[in-house]
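Fold and contact review
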Amino acid sequence: MSASPDERATAEKVHVIACGAIAREILAVVRMNGLGHVELSCLPAIWHAHPEKIAPGVRTAIAEARQAGAGRIFIAYADCGTGGALDRVIAEEGVERLSGPHCYSFFAGNEQFAATWEQDITAFFLTDFLARQFEAFVIEPLGLDRHPELKDMYFSHYTKLVYLSQLEDPALQEKAKAAAAYLGVEYEYRFTGYGDLATELLSAARA
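Given the structure is predicted, the values throughout are model-derived calculations rather than measurements.

Topic: the sheet that holds strand E6 (residues 160-165)
Ordered by their spatial adjacency, three strands build an open sheet running E5-E6-E7, and the pairing between neighbours is parallel. Taken across any chain shown, the strands that pair with only one partner, and hence form the sheet edges, are strand E5 (123-126) and strand E7 (186-191). Neighbouring strand axes in the sheet, compared pairwise and without regard to direction, differ in orientation by 25° on average. Here E5 runs beside E6; their pairing, made up of four bridges, is parallel.

Structure representation (structure tokens):
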């Protein structure tokens, strides 16, 4: 349900610092719920391949947001491979972040993802973003465009590709199927919508 004009006029600004890989989804949640008091800044999506950059990058972004006058700040990252480093920044800076270990979990719903983890332990996951950017964010960072012989080494333990989709888009489903074919694994489609991203972003925006 969208916020009323009075609610939007009186709501305190909320500055969201997010992974660029989920910017489209955050903006969709903001738009659908009339969260005009939410402002978004993004850090590079490719940092998912360099998680050591995330915690210091978030700390810098928090400092910059505060210097610019931001009062309430919400971090739209899960742990994302930082091994707890991001949570240490979160605690020290007195802000909150999305719950969960990674975007696959919060899109699926953290409880649901945990409940199905044993059956998905050999799954390679895609989101809408990764379906669109499979070559730029999977193939190229792993060097498979230059050394295709490495594909079996990287992916031999996967048995299926699970596409967790935020939008029911036939074109993206075809891209995800092509990614599964490239990896030589089974394809499975699951529509998740925005999952816990929407729930927690709404909670942060309306607190």
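From this point on, the discussion continues.
What to know about the pairing of strand E1 (residues 14-19)
Most of E1 sits inside the fold, with six of its six residues counted as buried. The pairing of E1 with strand E2 (residues 38-43) spans six bridges and is classified as parallel. Looking at the pairing, Ile17 lines up with Ser41 of E2. The handedness of the E1 to E2 crossover, carried by helix H2 (residues 23-32), is right-handed.

Describing the packing of helix H3 (residues 54-67) against helix H4 (residues 85-93)
Orientation of H3 relative to H4, taken along the N-to-C sense of each, is 25°, at an axis distance of 8 Å. Judged on the interaxial angle alone, H4 and H3 are roughly parallel. As for how H3 packs across H4, the hand of that crossing is right-handed. When H3 is examined against H4, the residues Ile54, Ala55, Val58, Arg59, Ile62 and Arg66 are found in contact with a partner set consisting of Ala85, Leu86, Val89, Glu92 and Glu93. In terms of residue class, the contact of H3 with H4 is made up of seven nonpolar, no polar and four charged.

Some points on the layout of surface pockets
In this model, the largest pocket occupies a volume close to 740 Å³. Mapped onto the lining of the largest pocket, the elements with two or more residues apiece are helix H5 (103-108), E5, helix H7 (128-132) and helix H8 (134-139). Ranked by residues supplied to the lining of the largest pocket, first place goes to H5 with four residues. A per-class count over the lining of the largest pocket returns 29 nonpolar, four polar and one charged. Considered as a void within the structure, the second largest pocket measures approximately 200 Å³ in volume. Lining the second largest pocket we find Val14, Arg72, Ile73, Phe74, Gly94, Val95, Glu96, Arg97, Glu200, Ser203, Ala204 and Ala207. When contributions to the lining of the second largest pocket are tallied by element, the ones reaching two or more residues are strand E3 (72-76), strand E4 (96-97) and helix H11 (195-206). Here the lining of the second largest pocket is built from residues that sort into six nonpolar, two polar and four charged.

What to know about the pairing of E6
Counting buried positions along E6 yields six of six residues, so the element is predominantly enclosed. In this sheet, E7 lies alongside E6 in parallel orientation, the contact comprising six bridges. Each residue of the ladder has a partner; that of Lys160, found in E7, is Glu186. Traced from E6 through helix H10 (residues 170-183) to E7, the parallel crossover comes out right-handed.

Observations regarding the packing of H2 against H11
Following both chains from N to C, one finds H2 and H11 inclined at 55°, their axes separated by 10 Å at the closest point. If you check the angle between H2 and H11, you find them oblique. The two elements H2 and H11 cross, and the hand of that crossing is right-handed. Residues Glu25, Ile26, Val29 and Val30 of H2 touch H11, and the partners they reach there are Leu197, Ala198, Leu201 and Leu202. Across the contact of H2 with H11, the residue classes tally to seven nonpolar, no polar and one charged.

Conventions adopted
- Residues numbered from 1 in each chain as written.
- Predicted model: local features only at pLDDT ≥ 70, side-chain atom pairs only at ≥ 80, totals over all residues.
- Heavy atoms only, no water.
- Pairing = 2+ DSSP bridges.
- Helix = DSSP H or I, 4+ residues; strand = E, 2+ residues; numbered from the N terminus.
- Axes fitted to C-alpha atoms, helices over the stretch in contact; angles between N-to-C directions.
- Buried < 20%, exposed > 50% of the residue type's maximum accessible area, 1.4 Å probe, protein only.
- Right-handed = clockwise from strand over helix to strand, strands pointing away.
- Parallel < 35°, antiparallel > 145°, perpendicular 65-115°, else oblique.
- Left-handed = near helix turned anticlockwise from the far one by under 90°.
- Contact = heavy atoms within 4.5 Å.
- Nonpolar A, V, L, I, M, F, W, Y, C, P; charged D, E, K, R; others polar.
- 1 Å grid on protein atoms, 1.4 Å probe; cavity = no way out; pocket = protein on both sides within 12 Å on 5 of 7 lines; lining within 4 Å.
- Points joined across faces, edges and corners; volume = space filled by probe spheres on them.

Treat this as a map of the structure, not an account of what it does.
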